[in-house]
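Fold and geometry: a report
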Amino acid sequence: MAITFENVIYDRVIDSLNTLLSNEFSIPVRYDDYTLPQSFLLLPESDDLVEQISSGQVREYGVSIGYQLKIGGKYGRQNMKQVSSKAEQVKRLIINNTAYSPSSSYKWHGANITSIEYERDDDDPSLLRALMAFNCTVTEVP
């Protein structure tokens, strides 16, 4: 007999992040590669058991949220301001949705952005990125 399961990291976490980002920004959300001139990229990073409970599990999930911008002309203050502004907006979006249960359908709790790294692409200096580490906790009950 086949087991039944839910793809929690995709169905609850990544799909919900896509929904939040898509509703907040008019910027494509991708899963394979960035698109120009700007886009978000969601990549699963981790799935860790926090606690085994009698009726299920408590797990922590980690997802990398990347934001990339292709700049025109010279790199400068305004370009970094645009990238850091998007990262700050994502950080606030997650703070506002720390416990996420749209339409009373539980997805996660304890969500946060634990770090943000800023970088310029080594091969193409016209590409700027903010790499955000998203973490959340999900109580899974069969």
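In the block above lies the structure referred to throughout.
Residues numbered from 1 in each chain as written. Predicted model: local features only at pLDDT ≥ 70, side-chain atom pairs only at ≥ 80, totals over all residues. Heavy atoms only, no water.

**Overview of the overall build of the chain**
Assigned secondary structure in the chain consists of two helices and five strands. Counted from the first residue to the last, the chain has its helices and strands arranged as α-β-β-β-α-β-β. Its C-alpha atoms put the chain at 60 × 30 × 25 Å along the principal axes. Total accessible area computed for the chain in this model is approximately 8200 Å², and 48% of it derives from carbon and sulfur atoms. The distance from the centre of the 13 positive side-chain charges to the centre of the 19 negative ones in the chain is 11 Å. (Helix = DSSP H or I, 4+ residues; strand = E, 2+ residues; numbered from the N terminus. Areas by Shrake-Rupley, 256 points an atom, 1.4 Å probe, with all protein chains shown as cover. Lys, Arg positive; Asp, Glu negative; His and termini not counted. Charge placed at Lys NZ, Arg CZ, Asp CG, Glu CD.)

**Section: the environment of Val-29**
Assignment of secondary structure puts Val-29 in strand β1 (residues 29-30). Looking at Val-29, the relative accessible area reads 14%, which means it is buried. Taking the C-alpha atoms as reference, Val-29 lies 9.4 Å from Leu-17; in sequence the two are 12 residues apart. (Buried < 20%, exposed > 50% of the residue type's maximum accessible area, 1.4 Å probe, protein only.)

**Points about the nonpolar core**
Of all hydrophobic cores here, the largest spans 33 residues; its most connected members are Phe-40, Ile-65 and Phe-134. Looking at this core, the elements with two or more residues in it are α1 (8-24), β2 (38-53), β3 (56-70), α2 (77-96), β4 (109-120) and β5 (127-140). Counting residues per element, this core draws most heavily on α1, which supplies seven residues. If we skip the residues at most four places from it in the chain, Phe-134 touches Val-13, Leu-17, Tyr-61, Gly-62, Val-63, Ile-65, Ile-94, Trp-108, Ala-111, Asn-112 and Ile-113. (Core = buried A, V, L, I, M, F, W, Y, C linked by side-chain atoms within 4.5 Å. Contact = heavy atoms within 4.5 Å.)

**Remarks on the pairing of β2**
Relative to β2, β1 is paired through two bridges, and the arrangement is parallel. Pairing of Arg-30 across the sheet is with Leu-41, part of β2. Relative to β3, β2 is paired through 14 bridges, and the arrangement is antiparallel. Paired with Ser-39 across the two strands is Gln-68, which belongs to β3. (Pairing = 2+ DSSP bridges.)

**Structural notes on the packing of α1 against α2**
Contact pair α1 / α2: the axes reach a minimum separation of 11 Å and the direction vectors enclose 120°. It follows from the interaxial angle that α1 and α2 lie oblique. As for how α1 packs across α2, the hand of that crossing is right-handed. Along the contact surface, α1 presents Leu-17, Leu-20, Leu-21 and Glu-24, while α2 presents Gln-89, Val-90, Leu-93 and Ile-94. (Axes fitted to C-alpha atoms, helices over the stretch in contact; angles between N-to-C directions. Parallel < 35°, antiparallel > 145°, perpendicular 65-115°, else oblique. Left-handed = near helix turned anticlockwise from the far one by under 90°.)

Just geometry here; none of it tells us what the structure is for.
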